[in-house]
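Tertiary structure, described
Residue strings, one per chain:
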Amino acid sequence: MPFSPLSAEETTPSQVTLSIDGFPIRVPAGTTILQAADRLGLRIPRLCACDRLEPYGSCRLCLVQIEGVRGTPASCTTPVAEGMRVQTQTETLARLRRGVMELYLSEHPLDCLTCSANGDCELQEMAALVGVREVRYARPEPGCASPMDTSNPYFRFDPDKCIVCARCVRACGEIQGTFALTLDGRGFATRVAAGQAEPFRDSECVSCGACVQACPTAALNETAVHEKGLPDRAIVTTCAYCGVGCSFKAEMKGNEVIRMVPAESGRANEGHSCVKGRFAFGYATHPDRITTPLIRQSIHDPWQAVSWNEAIAYAAAEFARIQAKYGRESVGGITSSRCTNEETYLVQKLVRAAFGNNNVDTCARVCHAPTGYGLKRTLGESAGTQDFASVMHADVILVIGANPTEAHPVFGARLKRRLRQGARLIVIDPRATELVRGTHVRATYHLPLKPGTNVALLNALSHVIVSEGLVDEAFVAERCEPEAFAQWRDFIAQPRHSPEASAAITGVPAASVRAAARLYANAPNAAIYYGLGVTEHRQGATAVIAIANLAMATGNFGRPGVGVNPLRGQNNVQGSCDMGSFPHEFPGYRHVSDAPTRALFEAAWGLPLSSEPGLRLPNMLAEARAGRFKGLYLQGEDLVQSEPNQRHVRAALAAMECVVVQDLFLNETSAYAHVFLPGASFLEKNGTFTNAERRISRVRQVMPPLAGYEDWQVTQKLASALGYPMTYTHPAEIMDEIARLTPQFRGVSYAKLEARGSLQWPCNDEAPDGTPVLHVDGFVRGKGAFLLTEYVPTPQHPDARFPLILTTGRILSQYNVGTQTRRTANTLWDDADLLHLHPEDAAARGIADGDRVHLESQVGSTILRAVLDDRLQPGLVFTTFHFPESRTNALITSSSDWATNCPEYKVTAVQVRRVDATMDLPSFVDELPPAFDLPHKLVEMANQIGEFFAAQPEREAAVRAIAEHLEKFWHPTMRERLVQCLQTEEHSLSPLVREAARSLLERVT
Ligand code: SF4
Ligand code: SF4
Ligand code: SF4
Ligand code: FES
């Protein structure tokens, strides 16, 4: 079937010249008269028109007269025409508009002085503009008026104030794509209705706020505005939730945020928002906030409130004592992807310069570390290739392991807009997510694979492309390494990678895989979006590489509408990685062993730096349990709740002598802390976040820090107390240093961000305005590198004891470990993690909807409420990890990605059984975990690395690649211990790894 491309967004429209009120203007064909008048600064009254919505033409207020045209057409729906002469202000028009307005006002309560929208109401403004002085018609009896709907905690609907302009209905459909609202009834009885005329909270409404923003009156109004009055100042800042990075105006009254209004100038969100960024900011001033530093000598002692100086001095003295006693490598730090670029930069600088080692890691370790590895190796840059606007040029969109309408809602809404325009969709996901069969969207193909089989499925897609002659040969010849491509082509063409052979592994029928591959390969523009359903696997990095291979083979790079796009979970995952939070690289993804880079940092920071990779977070925990790692500085990361294998994490933290937690609230991890340093919320600090499209946006302080300091100031105090003085006076100076030392950021400054709003890196001399699309004329690494992606099954498979597979994910109302959203009214929608299971699996276990169930894996167990869900395939169960009491991550094993140690959150073998209402949470997680066998773990990790490189056709090359990987990513003491395993555990090492270990030994001796 030939592929008919969608018309992309307007090419170059022809221009039309007309005059409005005697003023000439030239505008693109298709512009409406109203838009043309706006460009001239002429104010035509309007009520149903709204910049961000399609013309509607219902209110009849925007009437104009056109020379040679009969009547008074609505300017909002009438397109301009060549030579047209328009009048917007005549006696006739004024009379008609006053008449229209009089009718509106006759139905309105006219209690302006006490109305919550007084001063911010378009009806008021338009009444003044058209000059209505009296209302001759009596207001109908309010007998038929519907009651106020206050069911939504964040906004209220007052039908009495509704003028039935349908802006809300259209915003819900056109912008958000939820279609929760309708106009119900006819004539004067027409009313806005949510869902089946039910309260907003019970309807399909997802509380994005688009309708509230679009409403011209107080009919839909924020509850906070109703209760507290209109804000008196506004500051533009960036959302602190997901990686979309929406821009908001924080509208304030004094130091209180009244509302967050999505900024239309924000390039990531273009004026849209989701419930979290728009409404769930109350956690910032929640009474649980800790605003005084705390210390204690033992984790069994009560906390003692102390001054900042005392807390910092105590922490610094403890780190110094530990390093003196256990060695320089016995301490480390963790940066947070919720903190700003400047803050993460300072934490990694503190670790490298003040601790004098490279033991720094970040929470990206547990989400997108495989993205960094896979994209760097294949394309040369550890980042997504497109801007979000690019999706509007895609003809086919492949979404794998991501659920954007829940986890990246504003991008999800944009993607759905493109689908409504006709783009085709392929979803690869074990669950039938909203995109598979949602309101007004439907996937052309849903490939419901078994969890853990991404690589096999991606290989099968590539197999079809290679074997059916769908490779973009010209692109590959020009842009990719020929030898690597030839090797990959031979590998992927092997019959074992065919959809037919893979079906037994993936569970996906071969015909669907073939059809999806053809659709993707034949599209003029095909784009891939992926999430943690790709990365959080034992083969996370392999899957990212397979995705890059697929896109290279089909020529889908270097222009709008294509590319490989990781949807980052947290606001600053991209930024924390860019800023050198990984133990093996400096800011800008340069390896610590690279002598010129190290010299640059040594010169700037004024001391020698280590050339060896530091410990990754899982390595730190392992070393802690082995008694060698004793001190940790944790900025904004709740390890106990977010890491897998909770018993192991608790034991590791308990084994440390100084754990410093810097956070907004006491959390699960602070139970193991010796020092608690109060953190500052995004509203209390200056800085920048970098979103999933590499967009650097300003975070602006809107209120003073509740505890007195921004987080970067605290890190600076700690570094200074450790004997490495830092003297920045504003985050702008930190950004200046980042720009001086990092090629991708060389052109970034606060002044430029003020002028441009935001910048997508690389931003430097070659790209002074930033880079919306990467790899345009060539890949960053030069030629694109195809790598071989052998599928290796995860050991987490169903068996007699654990016959089900648990996969985890996020839901719209909550966010990650829930620290923020649990402290907002979002809990009205979801106040607990639930276990979703297929009705067949439930029936087999006698489980009914709402029953309490015991969920158990190899390493932990918990009790949750069951919800029957046919969006899952039988054999699969799903839950979230937003509530600490659920202890979801206590069930996740230590299985992790071979290249990056990103945990395999998405695949855990479990059993589920019904329990009675009185059974308590198992105390299992509080028990001591089994003794930790470090050599065994190292052997397992090394053998996993061996499995990836085993696909190399030449043995020597495979051995060399394994050794290089170990040198590049493993801390030297881990390598030493692996080499020691040659004596103690040689039989457990795979032959390739054995040889690689021997070659490491030879290099040292
Ligand atoms: S808040 Fe959003 S989803 Fe809800 S009705 Fe309004 S536009 Fe629709
Ligand atoms: S609620 Fe507001 S936006 Fe919706 S129809 Fe009524 S006045 Fe218009
Ligand atoms: S989509 Fe993400 S960045 Fe945007 S408002 Fe929602 S949580 Fe914030
Ligand atoms: S604004 Fe044109 S008809 Fe309402």
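These numbers were taken from a predicted model, which means no experiment stands behind them.

**Focus: the overall build of the protein chain**
- Within the protein chain one finds 32 helices and 36 strands.
- Taking 1005 residues into account, the globule formula puts the C-alpha radius of gyration at 30 Å, and the protein chain, at 30 Å, falls close to it.
- Judged by the C-alpha coordinates and their principal axes, the protein chain covers about 100 × 70 × 65 Å.
- When each of the 1005 residues of the protein chain is scored for burial, the buried share is 63%.
- Sequence-distant contacts, at least 24 apart, represent 72% of the contacts inside the protein chain between residues at least 6 apart.
- A total accessible area of about 35800 Å² is found for the protein chain, and carbon and sulfur atoms account for 51% of it.

**Thoughts on the sheet that holds strand E11 (residues 256-262)**
- The sheet built from three strands is open, its strands ordered E9-E10-E11 with antiparallel pairing. At either margin of the open sheet sits one strand with a lone partner, and together these are strand E9 (233-238) and E11. Between one strand and the next, the sheet's axes are offset by a mean angle of 30°, whatever the strand orientation.
- Looking at chain direction, E9 and strand E10 (residues 247-253) are connected through six bridges and run antiparallel. Bridge pairing in E10 links Arg233 to Met252.

**A few points about the packing of helix H30 (residues 955-969) against helix H32 (residues 991-1004)**
- The geometry of H30 relative to H32 is characterised by a closest axis approach of 8 Å and an angle of 60° between their N-to-C directions. Classified by the angle their axes make, H30 and H32 are oblique. The way H30 lies across H32 gives a crossing that is right-handed. Of H32, the residues touching H30 (which contributes Arg955, Ala958, Val959, Ile962, Ala963, Leu966 and Glu967) are Pro991, Leu992, Val993, Glu995, Ala996, Ser999, Leu1000 and Arg1003.
- Counted by class, the contact of H30 with H32 contains ten nonpolar, one polar and four charged residues.

**Overview of the nonpolar core**
- Grouped together as the largest cluster of nonpolar side chains are 71 residues, with contacts concentrated most on Leu181, Leu220 and Ile397.
- Here this core gets four residues from one element, more than from any other, and that element is helix H12 (residues 409-420).
- With residues up to four places along the chain from it excluded, the contact list for Leu220 reads Phe155, Arg156, Phe157, Cys168, Phe200, Cys211, Val212 and Cys215.
- With 61 residues, the next largest nonpolar core counts Ile295, Leu350, Ile696 and Ile734 among its residues.

**Side note on the side chain of Asp387**
- Residue placement: Asp387 occurs in the loop between helix H10 (369-378) and strand E16 (396-400).
- Despite its burial, Asp387 pairs with no opposite charge, the nearest such side chain being Arg695 at 4.8 Å.
- Discounting chain neighbours no more than four positions away, the residues touching Asp387 are Glu693, Arg695, Gln760 and Pro772.

**Digging into the site of ligand 3**
- The environment of ligand 3 is formed by Cys239, Tyr241, Cys242, Val244, Gly245, Cys246, Phe248, Cys274, Gly277, Pro409 and Val410.
- Each residue belonging to the shell around ligand 3 can be placed in one class, and the counts come to nine nonpolar, two polar and no charged.

**Thoughts on the packing of aromatic side chains**
- Taken as a whole and assessed by the stated rule, the structure comprises 26 aromatic pairs.
- Centre to centre, the rings of Phe155 and Phe200 are 5.4 Å apart; their planes meet at 90°, and the pair counts as edge-to-face. Of this pair, Phe155 sits in strand E5 (residues 155-157) while Phe200 sits in the loop between strand E7 (191-194) and helix H5 (210-214), and the two are 45 residues apart along the sequence. Judged on exposure class, the residue Phe155 and its partner Phe200 are both buried.
- Centroid distance Phe485 to Trp488: 6.0 Å. Interplanar angle 35°. Geometry classified as tilted. Of this pair, Phe485 and Trp488 both sit in helix H15 (residues 482-492), separated by three residues, roughly a single helical turn.
- Using a relative accessible area of 7% as the deciding quantity, one classes Phe485 as buried.
- Among the residues examined, Trp488 registers a relative accessible area of 1% and is labelled buried.
- These aromatic residues form a ring-pair network of at least three members: Tyr154, Phe155, Phe157, Phe200, Phe279 and Trp829.
- We note Arg479 situated over the ring of Phe779; from NZ or CZ to the ring centre the distance is 4.7 Å.

**What about unusual backbone geometry?**
- In this model, Trp761 is joined to Pro762 through a cis peptide bond whose omega is 0°.
- Structurally, the position occupied by Pro762 is in the loop between strand E30 (758-760) and strand E31 (804-808).
- Of note in the backbone geometry, Asn816 takes a positive phi value of approximately 45° without being a glycine.
- By secondary structure assignment, the location of Asn816 is in the loop between E31 and strand E32 (834-837).
- In this structure Asn816 comes out as buried when scored by relative accessible area, which is 11%.
- In the Ramachandran plot, Arg887 falls in the positive-phi region, its phi being about 50° despite a non-glycine side chain.
- Mapped onto the elements of the fold, Arg887 is located in the loop between strand E35 (876-879) and strand E36 (908-914).
- For Arg887, a relative accessible area of 16% puts it in the buried group.

**Considering helix H3 (residues 122-130)**
- By the burial criterion, the buried members of H3 are Leu123, Met126, Ala127 and Val130. Burial along H3 is one-sided: seen end-on, the buried residues are contained in an arc of 105°.
- Each element contacted by the buried residues of H3 is listed here: helix H2 (91-106).

**Thoughts on the environment of Ala680**
- Inspection of the secondary structure puts Ala680 in the loop between strand E27 (675-678) and strand E28 (687-690).
- As for Ala680 and Glu710, which are separated by 30 residues in sequence, their C-alpha atoms are 5.5 Å apart.
- What Ala680 contacts, discounting residues up to four positions off in sequence, is Arg289, Leu664, Lys685, Tyr709, Glu710 and Asp711.

**Quick word on the pattern of salt bridges**
- Summed over all chains, the structure comprises 43 salt bridges.
- Between Glu343 and Lys685 there is a salt bridge, and its shortest N-O distance comes to 3.0 Å. With Glu343 in helix H9 (residues 341-355) and Lys685 in the loop between E27 and E28, this residue pair connects regions lying 342 residues apart in the sequence.
- A relative accessible area of 0% places Glu343 in the buried class.
- The salt bridge involving Asp711 is made with Lys685; its shortest N-O contact spans 2.7 Å.

**Topic: the pairing of strand E26 (residues 658-663)**
- In terms of burial, E26 is a largely internal element, six of the six residues being buried.
- What you see with E26 is no split at all: Cys658, Val660 and Gln662 on one side and Val659, Val661 and Asp663 on the other are buried throughout.
- Bridge count for strand E25 (residues 631-635) against E26 is five bridges, and the pairing is parallel. Among the inter-strand pairings, Leu634 is bridged to a residue of E26, identified as Val661.
- Where E26 lies against E27, four bridges are found, and the strand directions are parallel. Within E27, the position partnered with Asp663 by the bridge is Pro678.

**Quick notes on the pairing of E35**
- The alternating pattern of E35 places Leu876 and Phe878 on one face and Val877 and Thr879 on the opposite face, and all of these are buried.
- Pairing of E31 with E35 involves four bridges; the strand directions are parallel. Residue Ile805 lies in a different strand from E35, and its bridge partner there is Leu876.
- Both E32 and E35 contribute to a ladder of two bridges, which runs antiparallel. Note on E35: the bridge partner recorded for His836 is Phe878.

**Some thoughts on the confidence of the model for the protein chain**
- The predicted model of the protein chain has a mean per-residue pLDDT of 93, with 97% of residues at 70 or higher.
- Here residues 7-11 is modelled with pLDDT under 50, and outside its nearest four sequence neighbours on either side it reaches five contacts, counting other chains as well.

**Some details on the packing of helix H13 (residues 454-467) against helix H17 (residues 510-522)**
- With their axes 9 Å apart at the nearest point, H13 and H17 run at an angle of 65° to one another. In this structure, the crossing between H13 and H17 has a hand that is right-handed. Within the contact between the two elements, H13 uses Leu457, Ala460, Leu461, His463, Val464, Ile465 and Ser467 and H17 uses Val513, Arg514, Ala516, Ala517, Tyr520 and Ala521.
- Tallied by class, the residues present in the contact of H13 with H17 amount to ten nonpolar, two polar and one charged.

The rules we used
Residues numbered from 1 in each chain as written. Chains lettered and ligands numbered in written order. Predicted model: local features only at pLDDT ≥ 70, side-chain atom pairs only at ≥ 80, totals over all residues. Heavy atoms only, no water. Helix = DSSP H or I, 4+ residues; strand = E, 2+ residues; numbered from the N terminus. Rg over C-alpha atoms; globule rule 2.2 N^0.38 Å. Buried < 20%, exposed > 50% of the residue type's maximum accessible area, 1.4 Å probe, protein only. Contact = heavy atoms within 4.5 Å. Areas by Shrake-Rupley, 256 points an atom, 1.4 Å probe, with all protein chains shown as cover. Pairing = 2+ DSSP bridges. Axes fitted to C-alpha atoms, helices over the stretch in contact; angles between N-to-C directions. Parallel < 35°, antiparallel > 145°, perpendicular 65-115°, else oblique. Left-handed = near helix turned anticlockwise from the far one by under 90°. Nonpolar A, V, L, I, M, F, W, Y, C, P; charged D, E, K, R; others polar. Core = buried A, V, L, I, M, F, W, Y, C linked by side-chain atoms within 4.5 Å. Lys, Arg positive; Asp, Glu negative; His and termini not counted. Salt bridge = Lys/Arg side-chain N within 4 Å of Asp/Glu carboxyl O. Near = heavy atom within 4 Å. Phe/Tyr/Trp six-rings, centres within 6.5 Å; stacked < 30°, edge-to-face > 60°. Lys NZ or Arg CZ within 6 Å of the ring centre and 35° of its normal. Arc of directions from axis to C-beta. pLDDT = per-residue confidence, 0-100.

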